[in-house]
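What follows is each chain in one-letter form.
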Amino acid sequence: MTATLTFAVPKGRILEEALPLMARAGIVPESGFHDKKNRSLSFACEDPSMRIIRVRAFDVATFVAHGAAHAGIVGSDVIEEFDYPDLYAPVDLGIGYCRLSIAEPKDGTVGEADNASHMRVATKYPNLTRRWFEAKGIQAECVKLNGAMELAPSLGLATRIVDLVSTGTTLRENGLVETAELLPVSARLIVNRAALKTHPERLGALIDSFRALSAEPKAA
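Reading guide: rules and limits
- Residues numbered from 1 in each chain as written.
- Predicted model: local features only at pLDDT ≥ 70, side-chain atom pairs only at ≥ 80, totals over all residues.
- Heavy atoms only, no water.
- Pairing = 2+ DSSP bridges.
- Helix = DSSP H or I, 4+ residues; strand = E, 2+ residues; numbered from the N terminus.
- Axes fitted to C-alpha atoms, helices over the stretch in contact; angles between N-to-C directions.
- Buried < 20%, exposed > 50% of the residue type's maximum accessible area, 1.4 Å probe, protein only.
- Contact = heavy atoms within 4.5 Å.

Trainee: How would you summarise the sheet that holds strand 4 (residues 71-75) if you had to cite specific residues and measurements?
Mentor: With mixed pairing, the six strands of this open sheet are ordered in space as 2-3-1-4-11-5. The sheet is open, and its two edges are formed by strand 2 (42-44) and strand 5 (87-92), each paired on a single side. Strand-to-strand twist in this sheet, taken as the mean axis angle between neighbours without regard to direction, amounts to 30°. Sheet topology places strand 2 next to strand 3 (residues 50-55); three bridges connect them, and they run antiparallel. Within the sheet, the bridge partner assigned to Ser42 lies in strand 3 and is Ile53.

Trainee: Please set out helix 1 (residues 13-24) residue by residue, giving values where relevant.
Mentor: When we look at burial in helix 1, the residues that qualify are Ile14, Leu15, Ala18, Leu19, Leu21 and Met22. Elements that come into contact with the buried residues of helix 1 comprise strand 1 (5-10), strand 3, strand 4, strand 11 (187-192) and helix 7 (200-215). Of the residues trailing helix 1, Gly26 is marked for its positive phi of about 90°.

Trainee: Go over the pairing of strand 8 (residues 139-144), please, and point to the residues and values.
Mentor: As defined by bridge partners, strand 7 (residues 118-123) adjoins strand 8 across six bridges and the pair is classed as parallel. Paired with His118 across the strands is Gln139, a residue of strand 8.

Trainee: Which residues make up the environment of Gly137, and what values do they have?
Mentor: By the secondary structure assignment, Gly137 is in the loop between helix 4 (126-134) and strand 8. You can call Gly137 exposed: its relative accessible area is 59%. Along the chain, Gly137 and Lys124 lie 13 residues apart, while their C-alpha atoms are 21 Å from each other.

The quantities given are spatial measurements derived from coordinates; they are silent on function.
Shown next as C-alpha cells:
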C-alpha cells in the first residue's frame, strides 16, 4: 500500500497564488477545502496518495522540518527566520513576492538617534531582525508581536518595526515610512530532507514538476 504524502500549505495570500500551480503539479484538494465555512485543517486530495494540511505560514516550516508533513509551500521569510537544518527548499515558485523591511514614524520622532547602538524593534521575525542589526553594530531588543505591528511606535512599545511589505499602503495609513529592506521574499517549495531519502521517487517527481512550472514564462 502506498504511503500518504502530506503537503502543508499556508493560509492567506500565498495560498491563493499557489493553488493553480499545485493543481498543475497534481495536488488538487477535495471540494471542502474551498468552503470558507469549513474549519477542517486536513483535507483529502483527488490523488488518494496525498493529503493537504492548511496551517499558519510560520507553522508550515515547523510541520515540514519535524517530518509531520513531507513537503509544503511557504515564504522565504519563514525559511530564513527559522533556519531549520532539516528543511530543503529546492524551488523558488516565483509567486508571493514582497519584502521584509524596517519602518519607522514618518515624522522621525522615534526617540533614538540614527547612530544609536541599541534599538527596540517590534516584529514577528526576531532572529532575522537581530542578525540584520548586529551586522550593523546595533543591538536590537525585539518585542515579539504576531500582528498589528504598525501600532507599536505610536503607542511607545517600540521605535521601529520589521514586517512584510507589499504595496506599503498599511504603513502609510499608520504614519510609517519604509527605511530599509532586510530581505526580498518569494514563495518556495520546501521538503523534509529525511522524507526525500525515504520517498525519493515521489518527492523527486514533485520537485521536478514544480521546478518545470516555475520555469515557465509568466503571463503579462
